[in-house]
Amino acid sequence: VFIMTASSSVVKLTARTALKNNWLKAIAACMTVISVFIIISGIASLISYVGGDTAAYICEAILCFLLLFPLTHGLVRFFWRLLFGADDSPLAVFYFFSGKAEYMRAMRLITGLCLRLAFFAIILFIPAKIVDIFGSARVYDLLDIPIPLWTSNLYYLSLFLKTVATVLLFFIMLRYYAAPILSVADEEMDASEAIHMSCVIYKRTMLDFIYLFFSFAGWLLLSLTVIPLVFTMPYFIAGVCVHTRFAIAEYNAFEERKATADIPKYVAGA
């Protein structure tokens, strides 16, 4: 059953209203996260000179997992509280580093999402990997046979399969978009419940969220030039938070109506 939430124009208007007197704080909060990402990328680049690309990728993945992702989760919390009038400092993005309990709570959610990402990525990219293996010269060297002429066409097949896998992975992971927001909205909710509820809500508000996401396409493309990112990032995150707020409200209202409809009704004299 699909539940219609507020339109994208209403979501964007609400997001702009929430940001109206808070742009500087929102930009500062986003810049903190961006700065940490740049530092991590710089560390990875330095390591690549010493230990090679593989060591750099591993280092970058570990630092993102342990530092950047909890910080981003804190950024989501900052914007969610901003919608409700909280006057948090931009440094509130470090909330999940304020104590062991807070950090572990964030890491449970992040680990759950990363494991799902890895699982689906492995499954979806298996066909492309198989094609890459058969298109590799090393395979035929090991078998000591000539490289077939048709292997030159496998590059395009591999590229197609990787593109399809990437698109499918993107849409599969979209269903978890609300999990970080649900986690900060209800601090008593554990990671598995937040992930499950995100899937439930997305299943019923999927079309509205996809439409909202692609309505930001122009802003997201503009962000590729990096500099506008300090303005587009707060707008996008606020928009997603606003949409999720409406989606949660609509879902709760739908469940209440459903529960009320299931209650037997008796009419006197019937």
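Before any of the text, the structure's been laid out above.
A brief look at the structure comes next. (Residues numbered from 1 in each chain as written. Predicted model: local features only at pLDDT ≥ 70, side-chain atom pairs only at ≥ 80, totals over all residues. Heavy atoms only, no water.)

1. Quick word on the overall build of the protein chain
For the protein chain, the helix and strand inventory stands at 9 helices and 0 strands. When the helices and strands of the protein chain are placed in sequence order, the string is α-α-α-α-α-α-α-α-α. Across the 270 residues in the protein chain, those meeting the buried criterion constitute 40%. Pairs at least 24 residues apart make up 74% of the contacts formed inside the protein chain by residues separated by at least 6 positions. Counting only carbon and sulfur atoms, one obtains 71% of the accessible surface of the protein chain, whose full area is about 15,900 Å². Side-chain charges in the protein chain split into 20 positive and 18 negative, and the spacing between the mean points of these groups amounts to 5 Å. (Helix = DSSP H or I, 4+ residues; strand = E, 2+ residues; numbered from the N terminus. Buried < 20%, exposed > 50% of the residue type's maximum accessible area, 1.4 Å probe, protein only. Contact = heavy atoms within 4.5 Å. Areas by Shrake-Rupley, 256 points an atom, 1.4 Å probe, with all protein chains shown as cover. Lys, Arg positive; Asp, Glu negative; His and termini not counted. Charge placed at Lys NZ, Arg CZ, Asp CG, Glu CD.)

2. What to know about the side chain of Ser 223
Looking at the secondary structure, you find Ser 223 in the loop between α8 (217–222) and α9 (229–262). Taking relative accessible area as the criterion, Ser 223 reaches 11% and is therefore assigned buried. Side chain to side chain, Ser 223 and Thr 232 meet in a polar contact 2.4 Å long. In this structure Ser 223 touches Leu 229 and Thr 232, once residues within four positions along its chain are discounted. (Polar contact = N/O pair within 3.5 Å; in protein donor to acceptor, adjacent residues only side chain to side chain.)

3. Comments concerning the nonpolar core
Core analysis: the biggest nonpolar cluster contains 67 residues, and Leu 75, Phe 79, Tyr 177 and Leu 182 have the highest contact counts within it. Counting residues per element, the ones that place at least two in this core are α1 (8–19), α2 (23–83), α3 (100–134), α5 (154–174), α6 (179–185), α7 (191–215) and α9. With sequence-adjacent residues up to four places away left out, Leu 75 is seen in contact with Ala 29, Cys 30, Val 33, Val 93, Met 233 and Ile 237. (Core = buried A, V, L, I, M, F, W, Y, C linked by side-chain atoms within 4.5 Å.)

4. Let's talk about the packing of α5 against α7
Across the interface, α5 lies against α7 with an axial gap of 10 Å and an inter-helix angle of 120 degrees. When the axes of α5 and α7 are compared, the pair comes out oblique. On α7, the residues touching Phe 170, Phe 171 and Leu 174 of α5 are Tyr 202, Phe 209, Ile 210, Phe 213 and Phe 214. For the contact of α5 with α7, the residue count by class is 8 nonpolar, no polar and no charged. (Axes fitted to C-alpha atoms, helices over the stretch in contact; angles between N-to-C directions. Parallel < 35°, antiparallel > 145°, perpendicular 65-115°, else oblique. Nonpolar A, V, L, I, M, F, W, Y, C, P; charged D, E, K, R; others polar.)

5. Here's the deal with the environment of Ile 147
One can find Ile 147 in the loop between α4 (137–143) and α5. By relative accessible area, Ile 147 is classed as partly exposed at 45%. Sequence spacing of Ile 147 and His 73 is 74 residues, and the spatial spacing of their C-alpha atoms is 49 Å.

6. Side note on a nonpolar patch on the surface
A contiguous nonpolar surface patch, about 610 Å² in accessible area, is contributed by Ile 58, Ile 62, Leu 66, Leu 67, Leu 91, Phe 94 and Phe 97. Position of Leu 67 among the secondary structure elements: in helix α2. Residue classification places Leu 67 among the partly exposed positions, given a relative accessible area of 37%. (Patch = residues over 30% accessible without salt bridge, like charges linked within 9 Å, V, L, I, M, F, W, Y side chains within 5 Å. Salt bridge = Lys/Arg side-chain N within 4 Å of Asp/Glu carboxyl O.)

7. Thoughts on the pattern of salt bridges
Applying the stated criterion across every chain, the model contains 4 salt bridges. Between Glu 187 and Arg 77 there is a salt bridge, with its nearest N and O atoms 3.7 Å apart. One end of the pair, Glu 187, is in the loop between α6 and α7; the other, Arg 77, is in helix α2, and 110 residues separate them in sequence. The exposure class of Glu 187 is partly exposed, given its relative accessible area of 39%.

8. Re the packing of aromatic side chains
The final tally for this structure, using the stated rule, is 18 aromatic pairs. Arranged with centres 5.3 Å apart and planes meeting at 70 degrees, the rings of Phe 119 and Phe 120 form a pair that is edge-to-face. What links up through ring pairs into an aromatic cluster is the set Phe 170, Phe 171, Phe 213, Phe 214, Phe 216, Trp 219, Tyr 235 and Phe 236. For the cation-ring pair, Lys 12 lies above Phe 216, with the distance from its terminal atom to the ring centre recorded as 4.8 Å. For Arg 245, the ring lying beneath its charged end belongs to Phe 84, and the centroid distance is 4.4 Å. (Phe/Tyr/Trp six-rings, centres within 6.5 Å; stacked < 30°, edge-to-face > 60°. Lys NZ or Arg CZ within 6 Å of the ring centre and 35° of its normal.)

9. Re the state of the cysteines
In the structure shown here, the tally under the stated rule is 0 disulfides. We note that Cys 199 lacks a disulfide partner, and the nearest cysteine sulfur, in Cys 114, lies 15 Å from it. (Disulfide = S-S within 2.5 Å.)

10. Looking at the packing of α1 against α7
Relative placement of two packed helices is described by the angle separating their axes and the distance separating the axes. Relative orientation of the contacting elements α1 and α7 amounts to 60 degrees, with a least axis distance of 10 Å. If you check the angle between α1 and α7, you find them oblique. Judged by the sense of rotation from one axis to the other, the crossing of α1 with α7 is right-handed. Judged by residue contacts, Ser 8, Val 11 and Lys 12 of α1 engage Tyr 211, Leu 212 and Ser 215 from α7. (Left-handed = near helix turned anticlockwise from the far one by under 90°.)

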